[in-house]
Amino acid sequence: MTDLRPPTRPELVCPAGTPAALHVAVEAGADAVYCGFRDETNARNFPGLNFSAAELADGVRFAHARGSRVLVAINTFARAGAVDVWRRAVDIAADAGADAVIAADLAVLEHAASRHPGLRLHLSVQAAAGTPEAIRFYAETFGVKRVVLPRVLSLEEIARLNRTIAVETEVFVFGGLCVMAEGRCALSSYATGKSPNLTGVCSPPSHVAYVERDGALTAALGGFTIDRFAPGEAAGYPTLCKGRFAAGDRVSYLFEDPVSLNAVDLLVSLHRAGVAAFKIEGRQRGKAYVAQVVRAFRAALDSLQRGEAPASASRLLAGLAEGSRETAGAYRKIWR
Amino acid sequence: MPRIELALGPCFFNWPADRLTDFYARIADEAPVDRIYLGEVVCGKRMPFSDPIWPEAIARLERAGKSVAVSMLALPATPRERAAMADLAALGHLLEINDMSALAARTGAPFVAGPFLNIYNEASLAALAARGARRWCAPVELPLSSIAIVARACPEVAVELFAFGRLPLAVSGRCYHARAHGLNKDSCGFVCDRDPDGMAVHTLDGRAFLAVNGIQTLSHAVQAVVMTPDALSASGIRCLRLSPHSLDMVQVAKIYRELLDGRLAVGDTEGRLAGLGLPGAICNAYAVGEPGWQKTRL
């Protein structure tokens, strides 16, 4: 059996929503980039994003020439009667020379494992596999080599988990934050009819409306008010789980404040907890953002390798977080 | 006319043990349901209170001629939750699996694939059927047109539809009941027991939207799929699942049985259900692939 222990040098996995973002991520020091096809097979199916088959092949050549790997996310759940669309996406990724496919659906994993036994498989966060038993099922059944952990586990739980499983783990360290278990949330589909699990779009722009009334701006999704902003207040995008609602006799950000994840201060602890790869969210982000975040995390990880504290990263990341407010999320148990 | 079965799903809410005991005793004696799913699926912290009552509740339901399955947690995480699940599995009853964690423990024994699993297509259900899945309750957002395709491709699996109750929409690592009360999950004080049908969530302009139940988020509206047995059969549905709420579930079951036996017209059924005092407006549009909160003609 091959040695599946985490590599001692943690891998920096960076978002590539477009070929241009792939280029800047690679040049800024990404060990790996992840991307998806321009269709419903990937969980960031937003207009203007993603790759054609030819663009993927070009991207793989570009990345490989510079020592970076390309991971292809085919991580939505296949539509009944159309599973071949997802299977074909796996075939195209394999033909393009992708280093791994990131998948969640049993049908997609089964196809990849049986038709492309040489293709490395990563379990997508969309599978929300957070226990040794679930991870072992995917490892033993499909030969999954790495699992992207659901964003519900604390640092202590990740360390404990890594001691009991034989596959690599990858965790999100920066960017947008799902507060629900990924792949187990139908809130957006309830409001809009579009299922993130099936179509790859959460809180879709096509269903967003901003209405101004008495000076206040209301942001709605599928006709439901998600937040309301007083004159002069910065208006955010109405992502359903980051909205303000009334429950009991209180109005609050019931699920999560409009914050984004920043675990740069936990890199040392996460590395010690046995995490093999650090992932940056943001395939919907522009080139400048990607370049800046990747450079900051590259510097932080290089410091880590030299045994130094990654002090400069926080400064490099200043002002990049969504709404400028940050959280370490579930990595600290108090978040729950 | 095909006979469509009725199942009672697991209770999602934090009801006291005595209430659960009384509830299942009355279901055993009076409810025209064929199958019962019971067990804690939402929060492992509730299991020490409810788990002791299950053996007797199961025995009583089985004496009444009901088929019983034990439903497993949708999002197990802690060692204690995983151990509790192993203990439940060891009781030897049919299990409903709601997370892949529980699959390995089955070692080929038959099981039910619950609505919290991401089974959206015929190939993924076939993969589970090969490992022992004999029944499947589709994810609530899956339209009937998709369910029909899956059902046709996997005739060996009996298909259930989530037909009545607030829709289970999401689970999280975070407890929103605790958060709404200024607490966190580890110090929650079990505040979720104050809302036997979930805590209503309204938009800032006062529109009923969602309901919170610990780590779970449900719809505020109440799913009520009301169709003729022929129409259900045409979509491959063999069983309707009714999800427990604090209203009179025996009456809910009786109304659905009358509908499925052809003794109650589709047009009269919704009015009868609404008369029981539903916790929200009726919704049903997931069945046709529209936003789940909407109500449409099925």
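Computed from a predicted model, the values in this text were never measured in an experiment.

> Provide a residue-level description of the overall build of chain A, including the pertinent values.
The helix and strand inventory of chain A stands at 11 helices and 16 strands. Computed over its C-alpha atoms, the radius of gyration of chain A comes to 20 Å, within 12% of the 20 Å expected for a compact globule of 336 residues. In terms of its C-alpha atoms, chain A occupies a principal-axis envelope of roughly 65 × 50 × 40 Å. By residue count, 58% of the 336 residues in chain A fall in the buried class. Pairs at least 24 apart in sequence give 62% of the contacts found in chain A among residues at least 6 apart.

> Any chance you could break down the interface of chain A and chain B for me, citing the residues and the numbers?
Each side of the interface is counted separately: chain A has 55 residues, and chain B has 52 residues. Elements with a minimum of two residues in the side of chain A that touches chain B: helix 4 (106–115), helix 5 (132–142), strand 8 (180–185), helix 7 (187–192), helix 8 (196–199), strand 11 (224–229), strand 12 (245–247) and strand 13 (250–252) of chain A. Split by residue class, the side of chain A that touches chain B holds 30 nonpolar, 13 polar and 12 charged. One ladder, built from two bridges, connects strand 12 of chain A with strand 8 (residues 199–202) of chain B; its direction is antiparallel. Counterpart to Ala 246 of chain A in the pairing with strand 8 of chain B is His 202 of chain B.

> Before we move on, can you summarise the confidence of the model for chain A with the specific residues and values?
For chain A, mean pLDDT is 91; residues scoring 70 or higher make up 94% of the total. Contacts for the low-pLDDT stretch residues 1–7 of chain A, under 50 throughout, to residues beyond four places or in other chains number eight contacts.

> Residue-level account of helix 2 (residues 53–65) of chain A, with values.
Residue and element names in this part refer to chain A. With 13 residues, helix 2 ought to run about 18 Å at 1.5 Å a step, and its terminal C-alpha atoms sit 19 Å apart, in line with that. The set of residues buried in helix 2 consists of Leu 56, Gly 59, Val 60 and Ala 63. The buried residues of helix 2 occupy one face: seen down the axis, they fall within an arc of 100 degrees. Projecting away from the buried face of helix 2 at angles above 90 degrees are the exposed residues Ala 54 and Ala 65.

> Could you give an account of the pairing of strand 8 of chain B, with specific residues and numbers?
Every second residue of strand 8 of chain B is oriented toward a common face, the buried set being Met 199 and Val 201 of chain B and the non-buried set Ala 200 and His 202 of chain B. Hairpin remark: strand 8 of chain B followed by strand 9 (residues 208–213) of chain B, antiparallel, with five residues in the connecting loop; positive phi at Gly 206 of chain B, about 85 degrees.

> Describe the pairing of strand 9 of chain B, listing the residues and the values that go with them.
Residue and element names in this part refer to chain B. When you tally the buried positions in strand 9, you get five out of six residues, the bulk of the element. Bridge count between strand 8 and strand 9: four bridges; the pairing is antiparallel. In the sheet register, Val 201 faces strand 9, and the bridge partner there is Leu 210. Note: strand 9 against strand 10 (residues 216–224), four bridges, orientation antiparallel. Pairing of Leu 210 across the sheet is with Ser 219, part of strand 10. Counted between consecutive antiparallel strands, the loop separating strand 9 from strand 10 contains two residues, among which Gly 214 sits at a positive phi close to 65 degrees.

> How would you summarise the sheet that holds strand 9 (residues 208–213) of chain A if you had to cite specific residues and measurements?
Residue and element names in this part refer to chain A. Pairing is antiparallel across the open sheet formed by three strands, whose spatial order is 9-10-11. Strand pairing shows two members of the sheet lacking a second neighbour, strand 9 and strand 11, which therefore form its edges. Shown here is a sheet whose adjacent strand axes are inclined to one another by a mean of 25 degrees, direction ignored. Where strand 10 (residues 216–221) lies against strand 11, five bridges are found, and the strand directions are antiparallel. Following the sheet pairing, Leu 221 is matched in strand 11 by Phe 224.

> Explain the domain arrangement of chain A to me, and be specific about the residues and the numbers.
Residue and element names in this part refer to chain A. You can read the domains of chain A as domain 1 (11–177 + 259–335) and domain 2 (187–252). Centre-to-centre, using C-alpha coordinates, domain 1 lies 27 Å away from domain 2. With 10 residues of domain 1 at the contact, the number on the domain 2 side is seven residues. Residues belonging to the side of domain 1 that touches domain 2 are distributed by class as follows: three nonpolar, four polar and three charged.

> Talk me through the packing of helix 1 (residues 19–27) of chain A against helix 10 (residues 287–305) of chain A; I want residue IDs and the actual numbers.
Helix-helix packing is described using two parameters, namely the angle between the two axes and the distance between the axes. Residues and elements named next belong to chain A. Put simply, helix 1 and helix 10 touch, their axes get as near as 9 Å, and they point 25 degrees apart. Judged on the interaxial angle alone, helix 10 and helix 1 are roughly parallel. Taken as a pair, helix 1 and helix 10 cross one another with a handedness that is right-handed. Taking contact as the criterion, the partners of Ala 20, Ala 21, Val 24 and Ala 25 in helix 1 are, on helix 10, Lys 287, Val 290, Ala 291 and Val 294.

> Now, about the nonpolar core: what can you tell me, with residues and values included?
Among the nonpolar cores identified, the biggest contains 225 residues, and Ala 25, Val 33, Val 72, Ile 74 and Val 101 of chain A are the most heavily contacted of them. Among the elements that line this core, the one with the most residues is strand 7 (residues 158–172) of chain B, at nine residues. When residues of this core are sorted by domain, at least three fall in each of domain 1 (11–177 + 259–335) and domain 2 (187–252) of chain A. Not counting residues within four places of it along the chain, the set of residues in contact with Ile 74 of chain A comprises Thr 41, Asn 42, Trp 86, Ala 89, Val 90, Ala 93, Val 101, Ile 102, Ala 103 and Val 108 of chain A.

> Give me the lowdown on the packing of helix 1 of chain A against helix 2 of chain A, citing residues and values where you can.
All names here are of chain A. It is the contact of helix 1 with helix 2, at a shortest axis distance of 10 Å, that shows an interaxial angle of 10 degrees. Considering their axes alone, helix 1 and helix 2 lie roughly parallel with respect to each other. For the pair helix 1 and helix 2, contact is made by Pro 19, Leu 22, His 23 and Val 26 and by Glu 55, Asp 58, Gly 59, Phe 62 and Ala 63, respectively. Among the residues forming the contact of helix 1 with helix 2, the class breakdown is five nonpolar, two polar and two charged.

> Which residues make up unusual backbone geometry, and what values do they have?
Of note in the backbone geometry, Ser 203 of chain A takes a positive phi value of approximately 45 degrees without being a glycine. In this fold, Ser 203 of chain A is placed in the loop between helix 8 and strand 9. In this structure, Phe 190 of chain B takes a positive phi of about 55 degrees despite not being glycine. With respect to the helices, strands and loops of the structure, Phe 190 of chain B is situated in the loop between helix 7 (176–180) and strand 8.

Each value, and the rule that gives it
- Per chain, residue numbering runs from 1 following the sequence as it is written.
- Numbering of ligands from 1 and lettering of chains from A proceed in the order in which they are written.
- Whole-chain, interface and lining totals are the exception, using all residues; otherwise, since this is a predicted model, local features are given only for residues with pLDDT of at least 70 and side-chain atom pairs are given and counted only at 80 or more.
- A run of H or I in DSSP becomes a helix once it reaches four residues, and a run of E becomes a strand once it reaches two; helices and strands are each numbered from the N terminus.
- Atoms considered for the radius of gyration are the C-alpha atoms alone. The globule rule reads 2.2 Å times the number of residues to the power 0.38.
- To assign burial, the other C-beta atoms lying within 10 Å of each residue's own C-beta are counted, with C-beta atoms placed from the backbone; 20 or more indicates buried, 12 or fewer indicates exposed, and intermediate counts indicate partly exposed.
- We call two residues in contact when the distance between their C-beta atoms, placed using the backbone, is within 7 Å.
- Gly is placed with the polar residues, together with every amino acid not listed as nonpolar (Ala, Val, Leu, Ile, Met, Phe, Trp, Tyr, Cys and Pro) or charged (Asp, Glu, Lys and Arg).
- Strand pairing follows a simple DSSP-based rule, namely that at least 2 bridges must link the two strands.
- For every residue, the predictor states its confidence as a pLDDT score lying anywhere from 0 to 100.
- Helix span, as expected, comes to 1.5 Å for every residue beyond the first.
- Along the arc lie the directions from the helix axis toward the C-beta atoms.
- Only the contacting stretch of a helix is used when fitting its axis, a line to C-alpha atoms as for every element, and angles between N-to-C directions run 0 to 180 degrees.
- Boundaries between domains were set according to an automatic or database domain assignment.
- By the definition adopted for this analysis, an angle is roughly parallel if under 35 degrees, roughly antiparallel if over 145, roughly perpendicular if from 65 to 115, and oblique otherwise.
- Crossings are classed by handedness, with left-handed meaning an anticlockwise turn of the near helix from the far one by less than a right angle and right-handed meaning a clockwise turn.
- Note on terminology: a nonpolar core is a set of buried residues of type Ala, Val, Leu, Ile, Met, Phe, Trp, Tyr or Cys, with members joined through C-beta atoms within 7 Å.

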